Amino acid sequence: MTERDGAHGGDTISRRAALTGALAILASATARPALAQAYPTRVMQLIVPFAAGGGVDVVVRVVAEAAGDILKQRLLIENRGGAGTVLGSQAVAKAEPDGYTLLAAPTTMVINPALRTSLPFDWKTDLVPVAMIAKLPFVVTSGLKLPARTMKELEALGKTRGTPITFGSGGANTVAHLAGEVFGLVSGAPVLHVAYRGEAPALTDAMSGNIDVMFSTLAGASAHVKAGTLRALGVTTAKRTSLLPDVPTVAEQGYAGYDLSAWVALVAPKNTPPAVVATLNAAVNGALAKPEIAARLIEIGAEPAPDTTEALASFMARDAQTWAGVIKAAGIKGE
């Protein structure tokens, strides 16, 4: 081989090496969309930051099963309660952002920052909204002996009898507790919160007249209302609920803008790929669009609430501001 031939041979090898490298880069680049499109390829973990069997847990399980059918992968529920939903939420905030560890985020997540001076994560920066699952309206109920039959009559009772309206909820600093405080603020009637360890004992005391009213989930109170052992004075959302269609909203009764409910949404760790977020959003919305799923949610006291990821992010930010304002105005002390 001549010197010139050797030079040409080296150039050929260099060109081949460069071509091989370019093809490898191209193969890598084209493989990424394929992997994203294949998601999910294995079981996903969905953490519910409450004990099993509660209202949020039941709602999440209904939707998760249907969404899993759409994704062709199982959403495995793990109940990880504790520390006011902080333990389970923190686990997801610190998880790998690969779409395989997700959180069923309750309203408590956006309330906690206004009540706690220190939290191990920041939901606004450590988590990303994915899809709204459902809203959970509350109903104001009383025992049959209470003379008030409407929210206006309840206000008048609180202003004239010389003692505050006593209202119960399933626990301090819950959405039901805050909903009662909001009624006191907008009506001007004096109110006194009575916290219980769960809804059941509070409902019992409402029926017996030991407290004036109870702010309860529809799931907890609707059967008692239909049985005639509790009287429903109003529902807390802007629109009436199909579970109790004859019960007017609080807003209808002269308290414009009163629209409060708990909710549960699907969220993921920050930096979760947008394609994964979009896939999950479509699966949840697809599940909620199924008539049998919507009917089941309504039956257990939840309202299906399909929405875009962007709309959910805006809603959560507004809701956080709303509850922070309520907590400050009501003078509720945190930890």
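For the structure itself, consult the block above.
In what follows, the accompanying structure is described. Here the structure is a predicted model, which means the values were calculated and not measured.

What to know about helix α6 (residues 151–160)
Piece 1. Considered for burial, the residues of α6 that qualify are M151, L154, E155, L157 and G158. Seen end-on, α6 carries its buried residues on one side only, within an arc spanning 160°.
Piece 2. One or two positions beyond α6, positive phi appears at G162, with a value near 95°.

Quick notes on the pattern of salt bridges
Piece 1. This model, assessed by the stated rule, comprises ten salt bridges.
Piece 2. Taking the shortest distance from any N to any O, the salt bridge between D126 and K270 comes out at 3.9 Å. Here D126, found in helix α5 (residues 123–126), pairs with K270, found in the loop between β9 (261–269) and α10 (274–288); they are 144 residues apart in sequence, far enough to count as distant.
Piece 3. Among the residues examined, D126 registers a relative accessible area of 13% and is labelled buried.
Piece 4. Judged by relative accessible area, K270 falls into the partly exposed class, the value being 38%.
Piece 5. When the shortest N-O distance is used, the salt bridge between D212 and R161 registers 2.3 Å. Taken together, the residues D212 in the loop between α8 (199–208) and β7 (213–217) and R161 in the loop between α6 and β5 (165–169) connect sequence positions 51 residues apart.
Piece 6. On the accessibility criterion, D212 (10% relative accessible area) is buried.
Piece 7. Salt bridges sharing partners connect three or more residues here, namely K152, E155 and K159.

Remarks on the side chain of T309
Piece 1. Summarising the element assignment, T309 is placed in helix α12 (residues 309–330).
Piece 2. At 2.9 Å, the side chain of T309 and the backbone oxygen of V130 are in polar contact.
Piece 3. With near-sequence residues (within four places) excluded, T309 lies in contact with P129, V130, V277 and N281.

Structural notes on the pairing of strand β4 (residues 127–142)
Piece 1. Among the 16 residues in β4, 14 count as buried, and that is most of the element.
Piece 2. Examined bridge by bridge, β4 and β9 share nine bridges and lie antiparallel to one another. Looking at the pairing, L127 lines up with P269 of β9.
Piece 3. Of the pairings in the sheet, the one linking β4 to β7 comprises five bridges and is antiparallel in character. Counted as the bridge partner of F138 is T217 from β7.
Piece 4. In this sheet, strand β8 (residues 231–235) lies alongside β4 in antiparallel orientation, the contact comprising four bridges. Within β8, the position partnered with T141 by the bridge is A232.

Regarding empty space enclosed by the protein
Piece 1. What the rule picks out here adds up to two cavities of 30 Å³ or more.
Piece 2. What the largest cavity holds in volume is close to 80 Å³.
Piece 3. Taken together, L46, V60, V63, A64, A67, L71, L75, L102, I133, L266, L280 and V284 form the lining of the largest cavity.
Piece 4. Put simply, the parts of the chain that give the lining of the largest cavity at least two residues each are α2 (55–71) and α10.
Piece 5. With five residues, the top contributor of residues to the lining of the largest cavity is α2.
Piece 6. In terms of residue class, the lining of the largest cavity is built from twelve nonpolar, no polar and no charged.
Piece 7. Here the second largest cavity defines a volume of roughly 60 Å³.

Parameters at a glance
Residues numbered from 1 in each chain as written. Predicted model: local features only at pLDDT ≥ 70, side-chain atom pairs only at ≥ 80, totals over all residues. Heavy atoms only, no water. Buried < 20%, exposed > 50% of the residue type's maximum accessible area, 1.4 Å probe, protein only. Helix = DSSP H or I, 4+ residues; strand = E, 2+ residues; numbered from the N terminus. Arc of directions from axis to C-beta. Salt bridge = Lys/Arg side-chain N within 4 Å of Asp/Glu carboxyl O. Polar contact = N/O pair within 3.5 Å; in protein donor to acceptor, adjacent residues only side chain to side chain. Contact = heavy atoms within 4.5 Å. Pairing = 2+ DSSP bridges. 1 Å grid on protein atoms, 1.4 Å probe; cavity = no way out; pocket = protein on both sides within 12 Å on 5 of 7 lines; lining within 4 Å. Points joined across faces, edges and corners; volume = space filled by probe spheres on them. Nonpolar A, V, L, I, M, F, W, Y, C, P; charged D, E, K, R; others polar.

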